[in-house]
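If you want the building blocks of each chain, they are given just below.
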2 protein chains.
Amino acid sequence: MSTDFTTSAPALLHAKHSSAHPLAPLAAEEIAAAAHLIKATWPPNTDFCFKVITLDEPAKLRVLPYLEAEHLGERTPQLDRKAFVNYYLRNTNKFHEAIVNLTKNLVERNVRLGPNIHANGDGEEIIALERIALEDEAVKAEIAKLQLPEGAVVISDPWIYGADGVDDDERMYQCFLYMRDPHNPAEADSNHYALPLAISPVISTEHMKVIRIDKLPLGPDSTITDTTPYKIKPPNEYLPEYQQLRTDLKPLNIVQPEGASFTVTEQGTSAVLEWQKWSFRVGFNQREGMVLYDVRYDGRSLFYRVSLSDMNIPYADPRHPYHKKSAFDLGDAGAGSMANNLKLGCDCLGSIYYLSAVISNAQGGVDSMDNCVCIHEQDAGISWKHTNYRTNRAAVARSRELVLQSIITVSNYEYILAFIFNQAGQMDYEVRATGILSTQPIDEGVTVPFGTVVHPGVLAVHHQHIFSLRIDPAIDGYHNRLVYDEAHAMPRSDLNPHGTGYYVEETVLSESGGYDLDIDRNRTFKIQNAAVRNPINGKPVAYKIQAPGFQKMLADRDSFNHRRAEFADHNIYVTSYRDGELYAGGQYTNQSRGGTGVRSWANRKDDIVDTDIVVYVQFGMNHITRIEDFPVMPAEIMKVCLKPVNFFERNPALDVPPSEQAYNQSTLLSASREDASRHMQPTGTEALVVGKGGECCDSKSKL
Amino acid sequence: MSTDFTTSAPALLHAKHSSAHPLAPLAAEEIAAAAHLIKATWPPNTDFCFKVITLDEPAKLRVLPYLEAEHLGERTPQLDRKAFVNYYLRNTNKFHEAIVNLTKNLVERNVRLGPNIHANGDGEEIIALERIALEDEAVKAEIAKLQLPEGAVVISDPWIYGADGVDDDERMYQCFLYMRDPHNPAEADSNHYALPLAISPVISTEHMKVIRIDKLPLGPDSTITDTTPYKIKPPNEYLPEYQQLRTDLKPLNIVQPEGASFTVTEQGTSAVLEWQKWSFRVGFNQREGMVLYDVRYDGRSLFYRVSLSDMNIPYADPRHPYHKKSAFDLGDAGAGSMANNLKLGCDCLGSIYYLSAVISNAQGGVDSMDNCVCIHEQDAGISWKHTNYRTNRAAVARSRELVLQSIITVSNYEYILAFIFNQAGQMDYEVRATGILSTQPIDEGVTVPFGTVVHPGVLAVHHQHIFSLRIDPAIDGYHNRLVYDEAHAMPRSDLNPHGTGYYVEETVLSESGGYDLDIDRNRTFKIQNAAVRNPINGKPVAYKIQAPGFQKMLADRDSFNHRRAEFADHNIYVTSYRDGELYAGGQYTNQSRGGTGVRSWANRKDDIVDTDIVVYVQFGMNHITRIEDFPVMPAEIMKVCLKPVNFFERNPALDVPPSEQAYNQSTLLSASREDASRHMQPTGTEALVVGKGGECCDSKSKL
């Protein structure tokens, strides 16, 4: 890292947004001002390619008094607004990182990074790369050898290059080529992933030129053959107009006649949500997408900041160039910049509130991310029920949930990301993995143990999805600890003469590090505040982490995959808090070499007891591909749940109004049991509305 | 097991229901006829206590041709209708098992069982036991020592006695005593579990008398003290009228203006459901509650029979008499007989079809189980989505699910049991555990490592819930195998020079037995039909089992708990099919001694490759109690998913119509982005309906 400039820029723009919340994302004017201040540090005709201009969050120690004052309704301290900026001098490899103080109109830091530090890709760059690959004469010559049918359209999908340490110091893209259905080449939405080609151009982004054309192995091993004429295969479209659609699905509408139960207060670029005793601030940035700040329940603090910190998707195929397929979709692309514009009635059902955002673009201007977050309530079945069998009186409450959803498209693939809150003090993070499998060509009749043939000539390689959810906790305050409970069988003794007893033991983690689940011991991690005790049972207040088990990274410990994905080897990482440590795979994941992420931070072996800690929860799946996942896969759902443990004095959902027909307005489809004979005749009753039922839960009817 | 009678009974009733489906539960007349035929084998004044009169399912080999003919629309073979009967001669320990041929009016088998074989409890018996405990003079004398306030009401909860081999040959109940809030003793629905007493009468059911009064330990160890005056503690009610209810939850209604998408054809005592290419028959019996038969998708067979086979709930407290707390709620009570009468708008939301059933009662008559199953559709979020980033065209389908739900109350506790089907060929079984924790008294200030204080003076002991889902598969036919896949890192080699590769290896299970998950290997069990190959990729058609990991039984291998719960030590059991093997814990679980369940069947070491197999999937939780689980616990959700793997040729939900606003009728709460300025002013917008949005998914808009 070598410093080029540390320049104080002229006060070209007035200090703005001093009233902005310190955790609010940069407004459009702030992005523009930051770009302006950066540009002013260079000669006038310099061509810039901005990779990101985003909020540089103030030091936590300065934000905490702000939040305290805010919640007390007191005058809040003034905090400087700052921008974090990454940019290239266009058509060079000169990659910079800068901090711009927008309040003081000052470039506080402006350094050139490198070597082996590269920026993420973005939409503009991807479109340019596609064109470059397809317009390259050598690529065209190679495609010509395929002897594709007249009018065939070839598509290039630029892929993050990955890293293996072999001639990969410069920033590159590996393009994979496909074709549209040659019988229907005008269909711009043809599923080209069903027709992969065995040619893979590599582009250097410094000069935006094809520097190499890789040929892809088609057999069971690494053998590469000369490009031969392509044998036409059938298409496999996912668009509805190419399907024989089901005709027997009747509408299901979600209606909230009195509106929704939540309140959104948009304050500039962030929004405060209040719902069923929950309150939090929602931010949105280029890299993480949704970020929740200052999450509270009934006024008690729970989390300072929660976001998806990172994800890694390493593939199983060991052969060149596939062995480098290992994407970090947040750091290499951006969950914010890839967010879909969500459409009413398509992506969300019910009464929907949309949030929009602005993020920076390559010119230092602003891209509008309209409707990038949708907010709605949903019914989640029964929350709790008890029937007194002596009186037959049932008490039952339904579970209402608040959902904040964002959907990202990363080339072929989609992630549906959601924060979900319920009325029992529980907060979940849910990921639905969908979209189109990354495919590659394979010779007919060949099978490999690292993937599944999902279409004639199409291999979908197995891959792991490993997510890291970053939880910066504030359980009743900012001094927390991480502990785990285990359940153990009691040895036989006078106390346990029949060998049936078991006990729970709590272990306090004293040092930052990576830790693992152990299902056979029911190991359960909890974030505790040992200084705050439950008034009934004296236990420390806590939130437990319920994360499903998953197979951790399979790539070996010496591999680049393992070195780069610093979160992928443990279920839990815990560190002492440091400003700026946000991304579990490190700040710059594209072609990264490791050593800059959570594994490295945890290796400080910091004391983590009753201090400001950060917890990274890893979860995911080893996606062993099946043909049912093609041409677009049914969502695979993964969920991390954060649940109170001795935080409240009783079930916090006990005050949810009872579930009653007068409120729920359900419809009875079956014949009323009062009218029907007990021994029904065979009937072919279609389930039609036969009446709005009036009955409801028995109230105090005696046995 | 000694034979008393094998009698052919007089033909008192005409053969009936010869037209009944062989898998349909017994109709009321059939139950009556069976009781009548049994009674006729005994002297006229014999007093009977029938424990169950239920369908004795015909041999599978005889049902299969029936199902084949049925699906072909051909004439179905005649199969005798038979009843399985358990009864006592009342006020004796003479427990009998009988098979009654209803078609031939013949008692085919009628044997006295024993020793150490005992029947389940039932509602009538429980009510009688409660009275006996409270009217016993010795119990009254012990209660008097508590010096309870004037008007205090004591409640007795009879508990399944359990088994420890100590003087427990006879059939007994262990009663736990509680009191209603003494300041409000007229409240019949007072939560007495908040006020447990330390007196526990034991009743023998042969003579229905208290035979012993156990005193309960109140300290950290097994020490028993004399009964002393009770110190009044506060109540902890769950009823809504005792809460300060939330007032900010607005209604959310689920409306199906054109009715539901499913068809129910009630045929006598069973019903055929058809929905979105699924079809199956629903039965309902005293023990298992819902049973699904002949589950097919698009005409292809998947499962012959699926039901919850058993569950076991062993508790952690090693002290007498708590060490015996280990309930088998199905075999000891009955998921059918304990089923709630579900109420419209209370237990189910939307457009609901109810099924009712009849089960036998103690007199050999019939109890109506009205509305014991509810059927409805629900929206389950996005099923799949892909956006072509080049055209911005999104294709998205929502996931609609069909739910069959039954809720059972087992004394203090509730289970919400559901089969859930989706449009991607997936079938789930979901359990929600809710209700009231089983509580016991504890001295103030005492803590124990096997439970949590959830209220002053109230200990909720940790316990395991271990469920066994029985899957009798028929994946494209009745000859199936069980295999598992594991993912393994590849060793470094010329093929894998960078150490990133991994591969999937399939292992065929050749012998019946118990098998386990291994998350670190991503071990995934699949039920395969090796004779039927996927036409695209040649893989055997299969369904995989996605069951969450759980801590298996903690009681040691020599304990009665372990011996009795024959399913609780492995994630998966697989056996070769035998008629009559239905319940993983054995036919008679009450005070059982083991040796009669799935572990024993699996120990036959049968060949299970490409034959008729049965798979038992265990799942559950170690419920480490928290104060938030009291006075009624937020549902803890567990789910087993069965998903197709190379069974179809592509995503089977691809033909679901696209998710569009015209169909979904969602409501826009936020201001339209077209009208709003990008840089919003701070506003305190409540989320109210501001307009029915008309926009929908972009169709072919170009980038």
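What counts and what doesn't
Note that residues are indexed from 1 along each chain, following the sequence as it is written. Whichever chain is written first is A, and whichever ligand is written first is 1; the rest continue in order. Local features in this predicted model are restricted to residues whose pLDDT is 70 or higher, and side-chain atom pairs enter the listing and the counts only when it is 80 or higher, whereas totals over whole chains, interfaces and linings include all residues. In computing side-chain values, all of the structure's heavy atoms are included and hydrogens and water are not. UniProt positions are given in the numbering used here, feature names are shortened, and annotations may be inferred rather than shown by experiment. Ring geometry is summarised as follows: Phe, Tyr and Trp rings, the Trp one being its six-membered ring, pair when their centres sit within 6.5 Å, and such pairs are stacked at plane angles under 30 degrees, edge-to-face over 60 and tilted between the two. Runs of E in the DSSP output that reach at least two residues are strands. Runs of H or I that reach at least four are helices, and both are numbered from the N terminus. Any residue under 20% of the maximum accessible area for its type is buried, any over 50% is exposed, and the rest in between are partly exposed; the area is computed with a 1.4 Å probe on protein chains only. Here, over-ring charges are defined by two tests on the NZ atom of lysine or the CZ atom of arginine: distance to the ring centre within 6 Å, and angle to the ring normal within 35 degrees. The rule for pairing is simple: two strands pair if DSSP sees at least two bridges between them. Helix axes are fitted to C-alpha atoms over the stretch in contact, other axes to C-alpha atoms as well, and angles between N-to-C directions run from 0 to 180 degrees. Here the copies are superposed with least squares, the fitted atoms being C-alpha atoms of residues at a pLDDT of at least 70 in both. Should any heavy atoms of two residues lie within 4.5 Å, those residues are counted as being in contact. Should a side-chain nitrogen of Lys or Arg be within 4 Å of a carboxyl oxygen of Asp or Glu, the pair is scored as a salt bridge. For any pair of parts, buried area is found by adding up, for both, the accessible area (1.4 Å probe) each one loses once the two are put together. Whenever two N or O atoms come within 3.5 Å, that pair is a polar contact, provided that in protein one can donate a hydrogen and the other can accept it, and provided that, for residues adjacent in sequence, both atoms are side-chain atoms. Put simply, Ala, Val, Leu, Ile, Met, Phe, Trp, Tyr, Cys and Pro go in the nonpolar bin, Asp, Glu, Lys and Arg in the charged bin, and everything else, Gly too, in the polar bin.

- The name that an unreviewed UniProt entry assigns to chain A is Amine oxidase, with the source organism given as Pseudovirgaria hyperparasitica.
- Taken directly from UniProt, the Sequence similarities (unreviewed entry) text for chain A runs: "Belongs to the copper/topaquinone oxidase family."
- According to UniProt, the comment filed for chain A under the heading Subunit (unreviewed entry) is "Homodimer."

1. Points about the packing of aromatic side chains
Okay, so step 1: Across all of its chains, the model carries 53 aromatic pairs over all chains by this definition.
Okay, so step 2: For the ring pair phenylalanine 280 of chain B and phenylalanine 421 of chain B, a centre distance of 4.5 Å and an interplane angle of 15° mean the geometry is stacked. With a gap of 141 residues between them, phenylalanine 280 of chain B in strand S13 (residues 278-285) and phenylalanine 421 of chain B in strand S20 (residues 413-421) connect regions that are remote in the sequence. Judged on exposure class, the residue phenylalanine 280 of chain B and its partner phenylalanine 421 of chain B are both buried.
Okay, so step 3: Every member of this aromatic cluster is reached through a ring pair, and the members are Trp278, Phe280, Tyr297, Phe303, Phe421, Tyr543, Phe647 and Phe648 of chain A.
Okay, so step 4: Seen from the ring of tyrosine 315 of chain A, lysine 325 of chain A lies directly overhead, with NZ or CZ sitting 4.4 Å from the centre.
Okay, so step 5: Above the plane of the ring of phenylalanine 560 of chain A lies arginine 563 of chain A, whose end atom (NZ or CZ) is 4.2 Å from the centre.

2. Here's the deal with the sheet that holds strand S23 (residues 451-455) of chain B
All names here are of chain B.
Okay, so step 1: Pairing in this open sheet of 3 strands is antiparallel, and the strands run S22-S24-S23 from one edge to the other. Taken across any chain shown, the strands that pair with only one partner, and hence form the sheet edges, are strand S22 (439-441) and S23. Sheet twist, expressed as the average angle between the axes of neighbouring strands with direction ignored, equals 40°.
Okay, so step 2: Bridge analysis of S22 against strand S24 (residues 458-461) gives 3 bridges, and the strand direction is antiparallel. Across the sheet, threonine 439 pairs through a bridge with alanine 460, a residue of S24.

3. Observations regarding the relation of the copies chain A and chain B
Superposition of the two copies of the chain requires a rotation about an axis together with a shift along that axis.
Okay, so step 1: In the superposition of chain A on chain B (RMSD 0.0 Å, axial shift 0.0 Å), the rotation amounts to 180°. The symmetry that links the two subunits is that of a two-fold axis. Among all C-alpha atoms of chain A, that of isoleucine 254 of chain A lies closest to the rotation axis, at 2.4 Å.
Okay, so step 2: When the interface residues of chain A are mapped onto chain B, 100% of them are again interface residues, pointing to one common binding face.

4. Observations regarding the sheet that holds strand S8 (residues 199-204) of chain A
Residues and elements named next belong to chain A.
Okay, so step 1: In spatial order, the strands read S6-S7-S8-S9; together these 4 strands make up an open sheet with antiparallel pairing. Two strands in the sheet have a free side with no partner beyond their single neighbour: strand S6 (154-160) and strand S9 (209-215). The mean inter-strand angle of the sheet, taken between neighbouring strand axes irrespective of direction, is 30°.
Okay, so step 2: As paired elements, S6 and strand S7 (residues 172-179) share 7 bridges and run antiparallel to each other. When the bridges of S7 are listed, proline 158 appears paired with cysteine 175.
Okay, so step 3: Together, S6, S7, S8 and S9 form the strand contacts of helix H3 (residues 123-135), whose direction differs from that of S6 by roughly 125°.
Okay, so step 4: With respect to the sheet, helix H4 (residues 137-144) is in contact with S6, S7, S8 and S9, its orientation differing from that of S9 by roughly 25°.

5. A word on the pattern of salt bridges
Residues and elements named next belong to chain A.
Okay, so step 1: Counted by the stated rule, this structure contains 94 salt bridges over all chains.
Okay, so step 2: Glutamate 57 is the salt-bridge partner of arginine 305, the closest N and O atoms lying 2.8 Å from each other. Taken as a pair, arginine 305 in strand S15 (residues 300-314) and glutamate 57 in the loop between strand S2 (48-55) and helix H2 (60-72) lie far apart in primary sequence, 248 residues in all.
Okay, so step 3: A relative accessible area of 2% means that arginine 305 is categorised as buried.
Okay, so step 4: Between lysine 145 and glutamate 142 there is a salt bridge whose closest N-O contact spans 3.2 Å.
Okay, so step 5: A relative accessible area of 39% means that lysine 145 is categorised as partly exposed.
Okay, so step 6: Since its relative accessible area comes to 9%, glutamate 142 is described here as buried.
Okay, so step 7: Where salt bridges share partners, they join Lys51, Asp122, Glu125 and Arg171 into one cluster.

6. Focus: the interface of chain A and chain B
Okay, so step 1: Residue-level contacts link 210 residues of chain A with 210 residues of chain B.
Okay, so step 2: Where chain A abuts chain B, roughly 17900 Å² becomes buried across the two surfaces, and 53% of that area is made up of carbon and sulfur atoms.
Okay, so step 3: A per-residue breakdown of the area chain A buries against chain B is headed by Arg246, Leu249 and Tyr502 of chain A, which together make up 5% of the total.
Okay, so step 4: The interface formed by chain A and chain B includes 14 salt bridges.
Okay, so step 5: Between the two partners, chain A and chain B, sit 132 residue pairs in polar contact (both at pLDDT 80 or more).
Okay, so step 6: The element best represented in the side of chain A that touches chain B is strand S18 (residues 366-388) of chain A, accounting for 15 residues.
Okay, so step 7: Per-class residue counts for the side of chain A that touches chain B are 90 nonpolar, 72 polar and 48 charged.
Okay, so step 8: Bridge count between strand S34 (residues 667-668) of chain A and strand S17 (residues 351-360) of chain B: 2 bridges; the pairing is parallel. Bridging across to S17 of chain B, threonine 667 of chain A finds its partner in serine 351 of chain B.

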